[in-house]
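An overview of the molecular structure
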Amino acid sequence: MKGKKMTRVGYEKKAQLQLDSWNAQIDALEAKLKVAEAYAKLELEEQLSTLHKAKSDAEAQLEELKSTSEEAWEDVKEGYEAAWNDMKSALKHAADRFA
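Counting restarts for each chain: residues are numbered from 1 in the order of the written sequence. Where totals are concerned, whole chains, interfaces and linings use all residues; where local detail is concerned, this predicted model gives features only for residues with pLDDT of at least 70, and gives and counts side-chain atom pairs only at 80 or more. No hydrogens and no water enter the side-chain calculation; it runs on all heavy atoms of the structure.

1. Side note on helix α1 (residues 8–67)
Each helix is a run of DSSP H or I of at least 4 residues and each strand a run of E of at least 2, with the numbering of both proceeding from the N terminus. To estimate the expected span of a helix, subtract one from its residue number and multiply by 1.5 Å. The end-to-end C-alpha separation of α1 is 87 Å, in line with the 88 Å expected for 60 residues at 1.5 Å each. Throughout, exposure labels follow a simple rule: accessible area from a 1.4 Å probe, protein chains only, divided by the maximum for the residue type, with under 20% read as buried, over 50% as exposed, and the rest as partly exposed. If you check which residues of α1 are buried, you get Glu43, Gln47, Leu51, Ala54 and Ala58. The contact definition used throughout considers only heavy atoms, calling two residues in contact when any of these lie within 4.5 Å. Considering only its buried residues, α1 is in contact with α2 (73–98).

This is how it looks when you write it as structure tokens:
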């Protein structure tokens, strides 16, 4: 035996309940998006802070390299190359993370 035919009012109530359910699901997804955006922003700020520090270190090493004597420049060069590699690594990590 088939079910009873739904009335118009019953159908409208059913449709409204479905719309209310979808609205709640959309609201929940929007809330998750806001949390994800905030988290991503914090993570990006941390990455940028790391990049700025690595850049400052590389700049300081370059200035030291420029002002060092001919005899000592090989030692300073090693420090600059380490700072340079740190900067490249930090940039690659940030680019990979946020690409």
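That covers the picture; the talk isn't over yet.
2. Some remarks on the nonpolar core
Leu51, Ala54, Met87, Ala90 and Ala94 form the largest nonpolar core, which has five residues in total. Among the elements of the structure, α1 and α2 are those that each provide at least two residues to this core. Considering each element in turn, this core owes the most residues, three residues, to α2. Beyond its immediate chain neighbours, meaning those up to four positions away, Ala94 contacts Gln47 and Leu51. The nonpolar core is taken to be a set of buried Ala, Val, Leu, Ile, Met, Phe, Trp, Tyr and Cys residues, with the residues joined through side-chain atoms within 4.5 Å.

3. Quick word on the pattern of salt bridges
Any carboxyl oxygen of Asp or Glu that lies within 4 Å of a side-chain nitrogen of Lys or Arg is treated as forming a salt bridge with it. Under the definition given, this model contains six salt bridges. Ionic pairing is found between Glu12 and Arg8, a salt bridge with its closest N-O pair at 3.0 Å. Taken together, the residues span about one helical turn, with Glu12 and Arg8 both in helix α1 at a distance of four residues.

4. Considerations on a negative patch on the surface
Taken together, the side chains of Glu70, Glu71, Glu74, Asp75 and Glu78 present a region of like negative charge at the surface. Examined against the element boundaries, Glu70 turns out to sit in the loop between α1 and α2. In this analysis, a patch consists of residues with relative accessible area above 30% that form no salt bridge, clustered at 9 Å for like charges and at 5 Å for the nonpolar side chains Val, Leu, Ile, Met, Phe, Trp and Tyr. For the area figures, the Shrake-Rupley method with a 1.4 Å probe applies, and any residue is considered shielded solely by the protein chains shown. The charged-residue count follows a simple rule in which Lys and Arg add positive charge and Asp and Glu add negative charge, with His and chain termini not counted at all. Charge positions come from single atoms, namely NZ of Lys, CZ of Arg, CG of Asp or CD of Glu.

5. A short note on α2
Between the first and last C-alpha of α2 there are 37 Å, a value that for 26 residues agrees with the 38 Å anticipated at 1.5 Å per step. Taken together, the buried positions of α2 are occupied by Val76, Tyr80, Ala83, Met87, Ala90 and Ala94. In the core, the buried residues of α2 are packed alongside α1.

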